[in-house]
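What follows is each chain in one-letter form.
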Amino acid sequence: MMPTRLIAALVCLPALAATLPAAEAAPQSTRPGRPTAEAKPAPKPPSLDDLFARLRASEDPAEAKGIARLIERHMAGSGSPTVDLLTDRARQAVTAHDFPLAAELMDRVTALEPNWSEGWNRRATVFWLLTDKDDALADLRRALVLEPRHFEAWAAMGRIYESLDDKARALAAFRRAKALYPQMEKVGEAINRLTPEVDGRDL
């Protein structure tokens, strides 16, 4: 509830304003000879290159996660309303565990926008859910040709290679992901787990 004194002050303001000279009661912007303040332009959003540079340099996990989300949001749009709609329907199909429908929709996405790296990455996810690891790896390679800094694609490739017991390739993929996103969750654990088996233990 508003304090009584504050209410009284607010009630008195109109009467007080009426007693002021017109020049004093007028807003500052209307006084003669006083320039009108110009609105500052909105700050320019950081480019994808800037975000990747900040992600590599960040030493704070929470900050890095926020930057990673900005990068993911930046790459999530294909530039085509039709493709974005199909991709969203594929996401809904995955949520409903209709993986064959999701694969069919993502087939159309990659056909319509073959230069969109995120389309290949998402179709790889669907193939992974369908336990089609060969096609998943093929799509991840296509995604990384188009955007070599796609840390999620590198991490996914590492997980698939590890599931195939190809530990050397898994370790290489995880290291690529960590180089791009040093604070990426669980990637460091995977590297620590695989390094002794691949590179040998230090004596």
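Residues numbered from 1 in each chain as written. Predicted model: local features only at pLDDT ≥ 70, side-chain atom pairs only at ≥ 80, totals over all residues. Heavy atoms only, no water.

Visitor: I'd like to hear about the side chain of Ser117, residue by residue, with values.
Guide: Tracing the sequence through the fold places Ser117 in helix α7 (residues 117-129). Apart from residues lying up to four places away in sequence, Ser117 is in contact with Ala143, Leu146, Glu147 and His150. (Helix = DSSP H or I, 4+ residues; strand = E, 2+ residues; numbered from the N terminus. Contact = heavy atoms within 4.5 Å.)

Visitor: So, the environment of Leu105: which residues are in play, and what are the values?
Guide: Tracing the backbone through its elements, the reader meets Leu105 in helix α6 (residues 99-112). The sequence separation of Leu105 and Arg89 amounts to 16 residues, and the corresponding C-alpha distance is 7.5 Å. In this view, Leu105 contacts Leu86, Arg89 and Ala90; residues no more than four positions away in its chain are not counted.

Visitor: Lay out the UniProt feature "repeat: TPR" (unreviewed entry) in the protein with the relevant residues and their values.
Guide: Under the feature "repeat: TPR" (unreviewed entry), the UniProt entry names residues 117-150 and 151-184. The span residues 117-150 is 79% helix and 0% strand, and its two end C-alpha atoms sit 8 Å from each other. The distance separating the terminal C-alpha atoms of residues 151-184 is 9 Å; by composition the span is 79% helix and 0% strand. (UniProt positions renumbered as here; feature names shortened; annotations may be inferred.)

Visitor: Report on the packing of α6 against α7, specifying residues and quantitative values.
Guide: Between α6 and α7, whose axes approach to 9 Å, the crossing angle comes to 155°. Put simply, α6 runs roughly antiparallel to α7. Of the two elements, α6 crosses α7, and the hand of that crossing is left-handed. Counted together, Phe99, Ala102, Ala103, Met106, Asp107, Val109 and Thr110 of α6 and Gly119, Trp120, Arg122, Arg123, Val126 and Leu129 of α7 form the full contact between these two elements. (Axes fitted to C-alpha atoms, helices over the stretch in contact; angles between N-to-C directions. Parallel < 35°, antiparallel > 145°, perpendicular 65-115°, else oblique. Left-handed = near helix turned anticlockwise from the far one by under 90°.)

Visitor: Give me the lowdown on the nonpolar core, citing residues and values where you can.
Guide: Proteins that are soluble and globular tend to have nonpolar side chains buried together. Leu55, Ile71, Phe151 and Met157 are the most contacted members of the largest nonpolar core, which has 35 residues in total. Breaking this core down by element, the ones donating at least two residues are α3 (48-57), α4 (61-76), α7, α8 (133-146), α9 (151-163), α10 (167-180) and α11 (187-199). Looking at this core element by element, the count peaks at 8 residues for α9. Counting residues in each nonpolar core, the second largest holds 11 residues, with Val83, Ala93, Met106 and Val126 among its members. (Core = buried A, V, L, I, M, F, W, Y, C linked by side-chain atoms within 4.5 Å. Buried < 20%, exposed > 50% of the residue type's maximum accessible area, 1.4 Å probe, protein only.)

Visitor: Outline the packing of aromatic side chains, listing residues and values.
Guide: What the rule picks out here adds up to 2 aromatic pairs. Consider the rings of Phe52 and Phe151, whose centres lie 6.4 Å apart with planes at 75°: the pair is edge-to-face. Of this pair, Phe52 sits in helix α3 while Phe151 sits in helix α9, placing them 99 residues apart in sequence. When sorted by exposure, Phe52 lands in the same class as Phe151, which is buried. Ring centres 5.1 Å apart and planes at 75° place the aromatic pair Phe151 and Tyr181 in the edge-to-face group. Residue Phe151 is found in helix α9, and its partner Tyr181 is found in the loop between α10 and α11; the two are separated by 30 residues along the sequence. The residues Phe151 and Tyr181 share a single accessibility class, namely buried. (Phe/Tyr/Trp six-rings, centres within 6.5 Å; stacked < 30°, edge-to-face > 60°.)

Visitor: Mind laying out the packing of helix α5 (residues 81-95) against α6, listing which residues take part and the relevant values?
Guide: In a pair of packed helices, the angle between the axes and the distance between the axes together describe the arrangement. For the pair α5 and α6, the least separation of the axes is 8 Å and the interaxial angle reads 160°. With respect to each other, α5 and α6 are oriented roughly antiparallel. As α5 runs across α6, the sense of the crossing is left-handed. Between α5, through Thr82, Val83, Leu86, Thr87, Arg89, Ala90, Ala93 and Val94, and α6, the contact on the second element is made entirely by Phe99, Leu101, Ala102, Leu105, Met106, Arg108, Val109 and Leu112. Taken together, the residues that form the contact of α5 with α6 break down as 12 nonpolar, 2 polar and 2 charged. (Nonpolar A, V, L, I, M, F, W, Y, C, P; charged D, E, K, R; others polar.)

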